[in-house]
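# Structural features, examined
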Amino acid sequence: MDLEKLRKTAAEIVSRDDVKYLIGWRPGSFGYRVSPCFVQDAAGAEELIFSPLCASNLATYLTLVEKLPVPRGEEPDRRKVALLVKGCDSRAVVQLLVEKGIEREQVILVGLPCRGVVDLNLLQQKYPEGLEKGELSWQEGGFQLIRNGETATIPREEILAEKCRLCRYPNPVLSDVTIGDPVEPWETEADRGVEELEQKSVEERWDYWEEQFSKCIRCYSCRNACPLCYCDDCILDRLNPIWINRAVNFSENTAFHLARAFHLGGRCAECGECERACPMNIPLGKLNRKLAKEVREKYGYEAGVDPEAKPFLASYNPNDPEEFIL
Ligand code: SF4
Ligand code: SF4
Ligand code: SF4
């Protein structure tokens, strides 16, 4: 990764009068952590990094921060926001554009072809002892890890995040400037995991999801981490009518998960942030990918790949099978 070029490009962008800030990643304060950062001047750009630890999807901030109410008496700051995007992150931005959650003129996308990020849990299982700082970079066939002054090589398959094993869009699908050469997409079984579940009987699938949903503590980290969960008025927060009860039990948890999964049907960018944020390790990706598979196979629609597309639920094709209409 040409970090120098990334930092130079970022410095040029944030020096423009029409740019508010650039959202990127910088080293975290301990362990393998990486933090999102808001770069406001050329000096701040020197902190930026891009490594296999940069798993978070920064597009979430476009809806989290950029949609905050403007304090009374102040004018909204309409300057552009620049954003570093991997392939999956760019799909979330495209989906936001498609559904007019953001405007194209509002964002500058710095595309970063991506060779896959790591699953921090797998990395920590491999090296359970604490450490002050660890650095990770891509190398042929895997990753190079520097920790406690020592360098190690880790094969890709050992610590690659599941979403990256299944990734079909490692290169940004939309960007204004791209840093680095495009990567060759790797062979993947996009629906692995989903197909395994499809082979099971209805009872077995029910048991599987009952076990998973029963673990949910309804912390809503999955919703909050999702770049496409940005309704001003979320049904989960509603008290009147109360669509989903506050009680944390299998029944209400199931209502929550099904409502969220269907709300993301034809919209999910498959960035894996919901699953990564879940403290209970619930395989939310399988649920979202099942919906994405149905939408892809039945309607030939894929979320977040075409900025000119119409939103899935706003598209109509007279050749839709409509088997359910008698
Ligand atoms: S899903 Fe694809 S684009 Fe996203 S981090 Fe993994 S490899 Fe990179
Ligand atoms: S992040 Fe996990 S535990 Fe929290 S609400 Fe979502 S699924 Fe439940
Ligand atoms: S539902 Fe999960 S995978 Fe899909 S866009 Fe939201 S955070 Fe990403």
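The written sequence of each chain sets the order in which its residues are numbered from 1. A letter from A marks each chain and a number from 1 marks each ligand, given out in the order of writing. The predicted nature of this model means local features are confined to residues of pLDDT at least 70 and side-chain atom pairs, given and counted, to a pLDDT of 80 or more, with totals for whole chains, interfaces and linings taken over all residues.

## Notes on the nonpolar core
Inclusion rule: The term nonpolar core refers to a set of buried Ala, Val, Leu, Ile, Met, Phe, Trp, Tyr and Cys residues connected through C-beta atoms within 7 Å. Every C-beta atom is placed from the backbone, and the number of other C-beta atoms within 10 Å of a residue's own sets its class: buried at 20 or more, exposed at 12 or fewer, partly exposed in between. Going along the chain from the N terminus, every DSSP run of H or I of four or more residues is numbered as a helix, and every run of E of two or more is numbered as a strand. Segmentation into domains, and thus their bounds, comes from an automatic or database assignment. Think of it this way: build a C-beta for each residue from its backbone, and any pair within 7 Å is a contact.
The biggest cluster of nonpolar side chains holds 69 residues, and the ones touching the most others in it are Ala10, Leu83, Leu84, Val93, Val110 and Val118. Here the element with the most residues in this core is helix α3 (residues 87-98); it accounts for 7 residues. Taken domain by domain, the makeup of this core includes at least three residues from each of domain 1 (3-70 + 77-178) and domain 2 (194-314). Sequence-distant contacts of alanine 10, that is, excluding residues within four places in its chain, are made with Leu22, Gly24, Val39, Ala45, Leu48 and Val110.

## With respect to the site of ligand 3
Convention followed: Think of it this way: take the backbone, place a C-beta atom on it, and check whether that atom is within 6 Å of the molecule or strand, in which case the residue is near it. Note on residue categories: nonpolar means Ala, Val, Leu, Ile, Met, Phe, Trp, Tyr, Cys or Pro, charged means Asp, Glu, Lys or Arg, and polar means any other residue, Gly included.
With respect to spatial proximity, 14 residues lie near ligand 3, and among them Cys226, Cys268, Cys271, Glu273 and Cys274 are the closest. Here the shell around ligand 3 is built from residues that sort into 10 nonpolar, 2 polar and 2 charged.

## Concerning the site of ligand 1
Lining the immediate surroundings of ligand 1 are Lys86, Gly87, Cys88, Cys114, Gly116, Val117, Lys163, Cys164, Cys167 and Pro170. At the level of secondary structure, the elements contributing two or more residues to the shell around ligand 1 comprise α3 and α6 (162-165). Taken together, the residues of the shell around ligand 1 break down into 6 nonpolar, 2 polar and 2 charged.

## Some thoughts on the domain arrangement of the chain
Split by domain assignment, the chain resolves into domain 1 (3-70 + 77-178) and domain 2 (194-314). Here the C-alpha centre of domain 2 lies 24 Å away from the C-alpha centre of domain 1. Contact residues are listed per partner, giving 23 residues for domain 1 and 19 residues for domain 2. If you tally residues by element for the side of domain 1 that touches domain 2, the top one is α3, at 9 residues. Partitioned by chemical class, the residues of the side of domain 1 that touches domain 2 number 11 nonpolar, 6 polar and 6 charged.

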